[in-house]
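# Residue-level structure breakdown
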Amino acid sequence: MDGFSRAGAELFARDWAAAVGRLGFVPVSSVEIEQMLLAHTVRLARATLAPQFTDRPGHDVGTALVEAHLTEPAVLGWTVRALGERFVTHLLPDLADAPAVRQRAIALQGALAAGFSAALRDRTFVQQERLSRSVWAARNEAEQALRDSEARFRAIFTGAAIGIGIADTDGRIVEVNQALADMFGYTPAQMRQVNVAQLFHADDPDGMWQHYTDLIQGRHDAARMEKLYHRSDGTAFWTNLAVSLVRHDDGRPRFTVAMMEDITDRYELQERMRFQAQHDPLTGLPNRTLFFDRLTAVLGRAAPGDRVGVCFIDLDGFKAINDSLGHDLGDRLLSVVANRLADCVADGGHLVARMGGDEFVILVEGSTGRQDVVGVAEAALAAVAEPVRIGEHQLAVSASIGIVERPVADTDPADLMKAADTTLYWAKADGRGRWAVFDPVRSARDRAKSALATALPAALERDELVLEYQPIVATGDRRLIAVEALVRWQHPQLGRLGPDRFIALAEETGLIVDLGERVLATACADASRWLAEFPDARLRVSVNLAARQASEPALVGKVAAVLKRTGLPAELLQLELTESAVMATTGEPLRSLRRLAALGVRLAIDDFGTGYSNLAYLRRLPIHSLKLAGAFVEGIRGDDPVSRVDERIVDALVRLAHALNLSVTAEAVETRHQADRLSALGCDTGQGRFYGPPQEAGGITALLRGAAGVASRH
């Protein structure tokens, strides 16, 4: 199956053949022409559906039409229109509304017209060269009194479909044929009163007059170009112009012979195609292609000291509108926003382009500084924020804008837009409905964060993530009873990084599950070795459990497997969850916590007192211990009023925990005064620099051996 309607192809080819027969001369039978056009139709359909699209088949079909002598302009016109109006609906009815298919059909239209025109032009130029040789052969023969050759020359010159004109080196037109006079709307006699210089157009590109001067002075022998002219009535027309220099026998320039083909229709078609290629079909705004072309040109021609600004705009919540109210309404909203953005910067002459989806960009050329571009952004925000009425819906829309403003010498298009995209993300993250200005320091920080996130998976594979253990000590006798496993990243370039540098990244990327399993396995293995060497100590290891791990249905099975593999008794493992994560557990996470408690694993709430503090819910949870947030302990400094308030809070939390049969661990114990007060308040255990810093497994082993026991040190 080709993927297109065979019946539709035959119908299209039949209509095509009928139009060809009606509009021009057909050199073969109607059956043969229909078979040929059916083959072309099938080729175009296959090109439209090809996985890797190319418009080359369209170009080849246009060439084939000329080679088959189907060269009437009306035939090309019918063919191009039919490709746009009938082709997709006849052959690909199921894809008629697909934007990609429509774009491919448009590309094939242009390619077919270009192929047709190129083949016709090539054939025309072959004829031109033949005509040129005939013209001068006839002229020479006329000068030699060969009247028969003069007659042939006149027949060719006068009857040629291409405009031909002869001028001397002073620019005076010596002779023109009727075709050339008709192009300009004059009689041949009137044309002979015109100098070539009068025909140059005000919009001719720089250097064209110099090119003509070089030709008549003999520095070139020929020139070809597309050139704009004016008719006698003032209307413009485009020509394909070929000019040849005829010399005297001694080599001096004698005449110029110009041959012109009117290509106005083809040129206008190309211009329409170019407009479609550079403008968004929905809003009519310039698209990203034209925007980058313009930006590149602006940066390329800028003088030293020039500045440029960009406002990168994204509508807030547009996807929700699209999903809830439909794409048709979403498209209408985009059109309204596009018009508003164009209107709000019209006085400044700034380019507004649609980058795709609900993203727009404003280019501020010749910026006078940051405030100039900020003013443009604020005008854009105000324009977008006006309520939009579409049918029965009144929509409130806002936008976020990333602003970049800098010297032209410091940037290129890719860097500028990358910075704008980054800044747009900041505006979104900061709350939406606002603008943000690019900050190189923040960008560098984000890049470093991104680099860490990218390197984290490989760090896991290379065992760069290591554990340190912080002692957890009984506040009464300072006996070491547990350790908390704390993960560190031994980065090959940045050294040892604390969890604040990468744990959040692991949570964002989903790597926290693999990381958590690695930490759990290593901690349990170390604890099992301590148990084997120091069985009387029965040192418990406490491991942090991320909220994402707690939500995993397989959590209990994984913990049980680690305990079995390492031989660690379940009661010597404590899993710590943050208060907010525990209080948010419902359904599967809560069942997992109860099953873990049933295994004998201890559960603790970390940083207690900073989250939800839902005491009624806490009573129903299978929790064994509370770890007081360090902020409360830090407040216990002396005998001042603030310290007394924090001490009363700790006292209340300890009493609450004990009432619920929970043990209490105080975190961030830094001073002897804090340790003494916590002991007096009945806090069961503490951890912090006062009791000992985080250290590798060997350091804990040394503590257990008594080489540097906590009790003896204090």
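Our subject in this report is the structure included herewith. (Residues numbered from 1 in each chain as written. Predicted model: local features only at pLDDT ≥ 70, side-chain atom pairs only at ≥ 80, totals over all residues. Heavy atoms only, no water.)

All right, on to the overall build of the protein then. A tally of regular secondary structure across the protein gives 28 helices and 21 strands. A compact globule built from 714 residues would reach a C-alpha radius of gyration of about 27 Å, whereas the protein, at 41 Å, exceeds it by more than 25%. The C-alpha extent of the protein, read off along each of the three principal axes, is 135 × 60 × 55 Å. Put simply, the protein has 714 residues, and 48% of those count as buried. (Helix = DSSP H or I, 4+ residues; strand = E, 2+ residues; numbered from the N terminus. Rg over C-alpha atoms; globule rule 2.2 N^0.38 Å. Buried < 20%, exposed > 50% of the residue type's maximum accessible area, 1.4 Å probe, protein only.)

In this section: the packing of helix α1 (residues 6-23) against helix α2 (residues 30-49). Between α1 and α2, the least distance of the axes is 8 Å, while the angle of their chain directions is 130 degrees. Classified by the interaxial angle, the pair formed by α1 and α2 is oblique. In the crossing of α1 with α2, the sense of the turn from one axis to the other is right-handed. Across the interface between the two elements, R6, A9, E10, F12, A13, R14, W16, A17 and V20 from α1 touch I33, E34, L37, L38, H40, T41 and V42 from α2. For the contact of α1 with α2, the per-class residue count stands at 10 nonpolar, 2 polar and 4 charged. (Axes fitted to C-alpha atoms, helices over the stretch in contact; angles between N-to-C directions. Parallel < 35°, antiparallel > 145°, perpendicular 65-115°, else oblique. Left-handed = near helix turned anticlockwise from the far one by under 90°. Contact = heavy atoms within 4.5 Å. Nonpolar A, V, L, I, M, F, W, Y, C, P; charged D, E, K, R; others polar.)

This brings us to the packing of helix α13 (residues 327-344) against helix α14 (residues 370-385). Remark: α13 packs on α14, axes separated minimally by 9 Å, with the N-to-C direction vectors making an angle of 145 degrees. The interaxial crossing formed by α13 with α14 has right-handed handedness. Seen from α13, the contacting residues are V337, R340, L341 and C344; seen from α14, they are A379, A380, A383 and V384. Grouping the amino acids of the contact of α13 with α14 by side-chain chemistry returns 7 nonpolar, no polar and 1 charged.

Next up on the list: the pairing of strand β18 (residues 602-608). For a regular strand, side-chain orientation follows a simple rule: the groups alternate between the two sheet faces. Judged by how many residues are buried, β18 sits mostly within the fold: 6 of 7 residues are covered. Bridge count between strand β17 (residues 573-578) and β18: 5 bridges; the pairing is parallel. Looking across to β18, one finds that E576 is bridged to A604. Here β18 runs beside strand β19 (residues 625-628); their pairing, made up of 3 bridges, is parallel. Bridge pairing in β19 links F608 to L628. (Pairing = 2+ DSSP bridges.)

Here we come to the pattern of salt bridges. Within the structure shown, the criterion is met by 37 salt bridges. When the shortest N-O distance is used, the salt bridge between K428 and D316 registers 2.6 Å. With K428 in helix α15 (residues 413-429) and D316 in strand β6 (residues 307-316), the pair connects residues that are 112 residues apart, well separated along the chain. Classification of D316 as buried rests on a relative accessible area of 10%. Of the charged contacts, one joins R496 and E468 as a salt bridge, the two residues approaching to 2.6 Å between their closest N and O atoms. In this pair, R496 sits in strand β15 (residues 495-497) while E468 sits in strand β13 (residues 465-474), placing the two residues 28 residues apart along the sequence. (Salt bridge = Lys/Arg side-chain N within 4 Å of Asp/Glu carboxyl O.)

On to the sheet that holds strand β11 (residues 398-407), then. Read across the sheet, 5 strands follow the order β7-β8-β6-β11-β12 without closing on themselves; strand pairing throughout is mixed. Only two strands of the sheet have a single neighbouring strand rather than two, namely β7 (351-356) and β12 (435-437). Across the sheet, the mean angle from the axis of one strand to that of its neighbour is 20 degrees, orientation sign disregarded. When β11 meets β12, the two strands line up parallel, connected through 3 bridges. When the sheet's bridge partners are listed, G402 is paired in β12 with A436. The strands that α14 touches are β6, β8 (359-365), β11 and β12; relative to β11, the one it contacts most, it runs at about 165 degrees. Contacting β6, β7, β8, β11 and β12, α15 crosses the sheet at an angle of about 140 degrees to β11.

Relative to the assigned elements, T239 resides in strand β4 (residues 236-247). Judged by its relative accessible area of 0%, T239 falls in the buried class. Taking the C-alpha atoms as reference, T239 lies 8.9 Å from Y267; in sequence the two are 28 residues apart. Setting aside residues up to four positions removed in sequence, T239 forms contacts with M225, E226, K227, Y229, M260, E261 and I263.

Even without being glycine, D463 reaches a positive phi, approximately 60 degrees. Looking at where D463 falls in the secondary structure, it is placed in the loop between α16 (440-461) and β13. D463 gets classed as exposed once you look at its relative accessible area, which sits at 53%.

The next subject is the nonpolar core. Membership of the largest hydrophobic core comes to 79 residues, with the highest contact counts inside it found for Y469, L515, V541, V543, V559, L573 and L575. A total of 10 residues in this core trace back to one element, the largest contributor, which is helix α18 (residues 512-533). Setting aside residues up to four positions removed in sequence, L515 forms contacts with L460, L465, V487, F502, I503 and A506. Formed by 39 residues, the second largest nonpolar core is a distinct cluster that contains A13, L37, V80 and F116. (Core = buried A, V, L, I, M, F, W, Y, C linked by side-chain atoms within 4.5 Å.)

Moving on, we get to the environment of G638. With respect to the element layout, G638 can be found in the loop between α24 (630-634) and α25 (641-659). You can call G638 partly exposed: its relative accessible area is 23%. For the pair G638 and T48, spaced 590 residues apart in sequence, the C-alpha separation works out to 81 Å. In contact with G638, other than residues within four places in its own chain, are S643 and H673.

Let us now look at the sheet that holds strand β3 (residues 222-230). The strand order across the open sheet built from 5 strands is β2-β1-β5-β4-β3, with neighbouring strands paired in antiparallel fashion. The open sheet has two edge strands with one neighbour each: β2 (173-176) and β3. When strand polarity is set aside, the average angle formed by the axes of neighbouring strands in this sheet is 25 degrees. With 6 bridges joining them, strand β1 (residues 163-168) and strand β5 (residues 253-262) adopt antiparallel strand pairing. Bridge pairing in β5 links D168 to F255. Where helix α9 (residues 208-216) meets the sheet, it contacts β1, β3, β4 and β5, and its direction lies at approximately 135 degrees from that of β3.

Considering the arrangement of structural elements, one finds K627 in strand β19. Overall, K627 belongs to the buried group, its relative accessible area being 0%. The residues contacting K627, other than those within four sequence positions of it, are I472, E484, E576, I605, D606, D607, F608, T665, E667 and Q687.

The tally for this structure, following the rule as stated, stands at 10 aromatic pairs. Considering the side-chain rings of F291 and F292, the 5.4 Å spacing of their centres and the 75 degrees angle between planes classify their relative orientation as edge-to-face. Look at F291 and you get buried, because its relative accessible area is 0%. Looking at F292, the relative accessible area reads 23%, which means it is partly exposed. For the ring pair Y469 and W530, a centre distance of 5.1 Å and an interplane angle of 80 degrees mean the geometry is edge-to-face. With a gap of 61 residues between them, Y469 in strand β13 and W530 in helix α18 connect regions that are remote in the sequence. (Phe/Tyr/Trp six-rings, centres within 6.5 Å; stacked < 30°, edge-to-face > 60°.)

Note that an α-helix has 3.6 residues per turn; residues three or four places apart therefore point the same way. Counted at 1.5 Å a residue, the expected span for α13 with its 18 residues is 26 Å, and the 25 Å between its end C-alpha atoms agrees. Taken together, the buried positions of α13 are occupied by L329, G330, L333, L334, S335, V337, A338 and L341. (Expected span 1.5 Å × (residues − 1).)

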